[in-house]
Amino acid sequence: MRWTIPILALLILFGCSGEGKPERYTEYDNIFDSGKAIALGDERDIYVFCDAENWAKVQGIIRGSIERELMLVYPERYFKLNLANINEIEQYSQYRNLLFIGDLSSKGHISNHMKSSLSPDFITRVNQSGGDLFTAKNFASRDQLIMYLLATDTENLLKISAFQSENIFQLFLKRYRERLGNQAYQIKVIPASFFEPYPFSLQIPSNYTLYSNDRVGNFLSFIYRARMQNREIPDKYVNIYFEDMADETSLTHDWLIEKRKMIGEKYFEGDVFDPAAVRKDGLGFAGYNALRLTGAWTNAKHMIGGAFQSFAFWHEGKAYIVDNSVYFPAGDKLPVLQELFVISSTIKID
């Protein structure tokens, strides 16, 4: 968020040897099949194969779920659907994200392709249940997710599309985050010994530096910033705040809003946001049931702005906030927030 480099950003976070020696975080090392061809296509593009008659029935459900928008500085989509022709299947066989939709009663080219290429066991499952979803990873390329949504007929295809649409979105999102995790953790992380004074630890890539360390205020912040100021490379922040809280019922969105206001004003030179405009919801985060805020921040002093997300959860008498913010005037903020979600989700409470 700041064009001035914080003094603490120059702090060396780890030594060269001994217990503090940094290691890699290997959670995402095995998501790819390195023995296969390089995957093609943007990580957020999904190529859909579906016969025209079926697509006319289900596209509202499928597109509405997968292409959902999140309002940040401006509306951003998680994914983009691209309708592909069955005649181009060989062209797209090595692309990252593929979705096939069909039904057993159809004589359409894509449905016929699914009937002839899927295993007999899966066809039997579809006949017994009326419809099902099947996934395959790294089938033709090293980083690939293929989904097959198949029903017995068009009526059941509409039903199974409605039933599985959220699952399809979540599976693509999970895979996307795994890719981002694999990219983020190609380097070593800040060593575990750095977090010994705190009631938590995280797997922070070593290209992040310390932005703020307020031991009295229970606030810790890391920043990733390019060595040379560059609008084409985002500033990324991972912030952690905690305080005593005897009763979990005190953890509310109103509490989170007030604490996020405090963080912006105290540690980021007057960052503010509109509480009425942020998205408030809940989700599973790092093994906890967490509250979340998502939206845009602005800073009148520096005449800048960006996007943020904050996660709050309770554990054994303490409330924790893991907050992410991004300053990236040249590009979309949602992909950066997804990367920061992956990093932040590594938090462990000691």
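The model shown is predicted, which means the values in this text are computed figures rather than measured ones.

### Re the packing of aromatic side chains
- Scanning the entire structure with this criterion turns up 37 aromatic pairs.
- For the pair Tyr47 and Tyr95, a centre-to-centre distance of 5.0 Å together with 80° between the ring planes defines the contact as edge-to-face. You can see Tyr47 sitting in strand 1 (residues 45-50) and its partner Tyr95 sitting in the loop between helix 2 (89-92) and strand 5 (97-103), a full 48 residues away along the chain. The pair Tyr47 / Tyr95 is uniform in exposure class, with both members buried.
- Above the face of the Tyr198 ring, Arg215 is positioned so that its terminal group lies 5.2 Å from the ring centre.
- Directly above the aromatic system of Tyr224 lies the positively charged group of Lys236, at a separation of 4.4 Å from the ring centroid.

### Examining helix 6 (residues 253-267)
- Spanning 15 residues, helix 6 covers 21 Å between terminal C-alpha atoms, matching the ideal 21 Å at 1.5 Å per step.
- Along helix 6, the residues classified as buried are Trp255, Leu256, Ile257, Arg260, Ile263, Gly264 and Tyr267.
- Positioned one or two residues after helix 6, Glu269 has a phi angle of 55°, which is positive.

### Section: the nonpolar core
- In this structure, Ile62, Ile101, Phe195, Phe200 and Phe222 are the most contacted members of the largest nonpolar core, which totals 67 residues.
- If near-sequence neighbours (up to four positions away) are discounted, Ile101 is found in contact with Val48, Phe49, Cys50, Asp51, Trp55, Val58, Ile62, Ile110, Met114, Leu149 and Leu157.
- One finds Met245, Ile257, Ile304 and Ala319 within the second-largest nonpolar core, a separate group that totals 24 residues.

### Some points on the sheet that holds strand 7 (residues 145-151)
- Read from one edge of the open sheet, 5 strands run 4-1-5-7-6, paired in mixed fashion. Every other strand in the sheet has two partners, leaving strand 4 (80-84) and strand 6 (131-137) as the edge strands with one partner each. Geometrically, the sheet is characterised by an average inter-axis angle of 20° between neighbouring strands, direction not taken into account.
- The pairing of strand 1 with strand 5 spans 4 bridges and is classified as parallel. Directly across from Tyr47, in strand 5, lies its bridge partner Leu98.
- Along the sheet face, helix 1 (residues 52-66) touches strand 1, strand 4, strand 5 and strand 7 and points at about 135° away from the line of strand 5.

### Considering the side chain of Glu43
- Following the sequence through the fold, Glu43 ends up in the segment before strand 1.
- Buried charge Glu43 goes without a salt bridge, the closest partner of opposite sign being Arg96 at 4.5 Å.
- Engagement of the side chain of Glu43 in a polar contact is seen with the side chain of Gln183, the distance being 2.5 Å.
- Contact partners of Glu43, with chain neighbours within four places excluded, come to Phe79, Arg96, Asn97, Tyr176, Arg179, Leu180 and Gln183.

### Structural notes on unusual backbone geometry
- With a phi angle near 55°, Asn218 is a residue other than glycine that sits in the positive phi range.
- Tracing the sequence through the fold places Asn218 in the loop between strand 9 (209-214) and strand 10 (219-224).

### Here's the deal with the environment of Gly60
- Relative to the assigned elements, Gly60 resides in helix 1.
- Its relative accessible area of 57% is what places Gly60 among the exposed residues.
- Measuring from C-alpha to C-alpha, the distance between Gly60 and Ser221 comes to 42 Å, with 161 residues separating the pair along the chain.

### Brief notes about the sheet that holds strand 11 (residues 235-244)
- Pairing is antiparallel across the open sheet formed by 7 strands, whose spatial order is 9-10-11-15-14-13-12. The open sheet has two edge strands with one neighbour each: strand 9 and strand 12 (279-285). The average undirected angle you get between the axes of adjacent strands in this sheet is 20°.
- Here strand 9 runs beside strand 10; their pairing, made up of 5 bridges, is antiparallel. Its bridge partner lying in strand 10, Asn213 is registered against Leu220.
- Lying over the sheet, helix 6 contacts strand 9, strand 10, strand 11, strand 12, strand 13 (288-299), strand 14 (304-315) and strand 15 (318-327), oriented at roughly 45° with respect to strand 13.

### Examining the pattern of salt bridges
- Tallying each qualifying case throughout the model produces 25 salt bridges.
- Between Asp281 and Arg292 there is a salt bridge, with the nearest N and O atoms lying 2.8 Å from each other. Of the two residues, Asp281 sits in strand 12 while Arg292 sits in strand 13, which places them 11 residues apart along the sequence. Considered together, Asp281 and Arg292 belong to a single accessibility category, that of buried residues.

### As for the environment of Trp314
- Structurally, the position occupied by Trp314 is in strand 14.
- Sequence-wise, Trp314 and Met245 are 69 residues apart; in three dimensions their C-alpha atoms are separated by 7.9 Å.
- Apart from residues lying up to four places away in sequence, Trp314 is in contact with Met245, Ala246, Asp247, Glu248, Leu251, Tyr288 and Ala319.
- At 2.7 Å, the side chain of Trp314 forms a polar contact with the backbone oxygen of Met245.

Reading the values: the criteria
- Residues numbered from 1 in each chain as written.
- Predicted model: local features only at pLDDT ≥ 70, side-chain atom pairs only at ≥ 80, totals over all residues.
- Heavy atoms only, no water.
- Phe/Tyr/Trp six-rings, centres within 6.5 Å; stacked < 30°, edge-to-face > 60°.
- Helix = DSSP H or I, 4+ residues; strand = E, 2+ residues; numbered from the N terminus.
- Buried < 20%, exposed > 50% of the residue type's maximum accessible area, 1.4 Å probe, protein only.
- Lys NZ or Arg CZ within 6 Å of the ring centre and 35° of its normal.
- Expected span 1.5 Å × (residues − 1).
- Core = buried A, V, L, I, M, F, W, Y, C linked by side-chain atoms within 4.5 Å.
- Contact = heavy atoms within 4.5 Å.
- Pairing = 2+ DSSP bridges.
- Axes fitted to C-alpha atoms, helices over the stretch in contact; angles between N-to-C directions.
- Lys, Arg positive; Asp, Glu negative; His and termini not counted.
- Salt bridge = Lys/Arg side-chain N within 4 Å of Asp/Glu carboxyl O.
- Polar contact = N/O pair within 3.5 Å; in protein donor to acceptor, adjacent residues only side chain to side chain.

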